[in-house]
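Chains, contacts and geometry: an overview
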Amino acid sequence: MEKEEKIVVVLLVMAILSLAVAYFTYLPGELTGDIRPLADSSGLGEKVFVEGTVLSKRITYTGDHLILEVDYSPQPIKVFIPNNRGAEEINEKISANEQVHVTGILDEYEGELEIIVQKAKDVRTP
């Protein structure tokens, strides 16, 4: 192999290793199952779960996203399901007054906490 070819191979290996490190670093909850119940100490961006009764559900006017309001002590929490993450499927299988187990990423929208669902299977009935 020529010197230039060796350099290209080394750079390619370094790029692949960098991508692997980034993948395992930024998806720890997915890989380790590190999902905690929602608590006062939960931080934004943390993967959490809640269990409670669906108080209401609605499809957004723009984007066809689904928003559930789940009764969770001490106050209800909103659950946002993007249309490309199973909103229609979840809307068909979940109804108001039904018990649900929701897993997602804790975020804040307009000053209120909400859970953003990543996959349709993250919303299920116990």
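Structural data are supplied above this passage.
A few points on the structure. (Residues numbered from 1 in each chain as written. Predicted model: local features only at pLDDT ≥ 70, side-chain atom pairs only at ≥ 80, totals over all residues. Heavy atoms only, no water.)

In this fold, Asp 122 is placed in the loop between β6 (112–116) and β7 (123–124). Those residues in contact with Asp 122 that sit more than four places away from it in its chain are His 101, Val 102, Thr 103 and Val 117. (Helix = DSSP H or I, 4+ residues; strand = E, 2+ residues; numbered from the N terminus. Contact = heavy atoms within 4.5 Å.)

Considering all chains together, one arrives at one salt bridge under this definition. Put simply, Glu 112 and Lys 78 hold a salt bridge, and the shortest N to O gap is 3.8 Å. Of the two residues, Glu 112 sits in strand β6 while Lys 78 sits in strand β4 (residues 77–81), which places them 34 residues apart along the sequence. A relative accessible area of 47% means that Glu 112 is categorised as partly exposed. By relative accessible area, Lys 78 is classed as partly exposed at 31%. (Salt bridge = Lys/Arg side-chain N within 4 Å of Asp/Glu carboxyl O. Buried < 20%, exposed > 50% of the residue type's maximum accessible area, 1.4 Å probe, protein only.)

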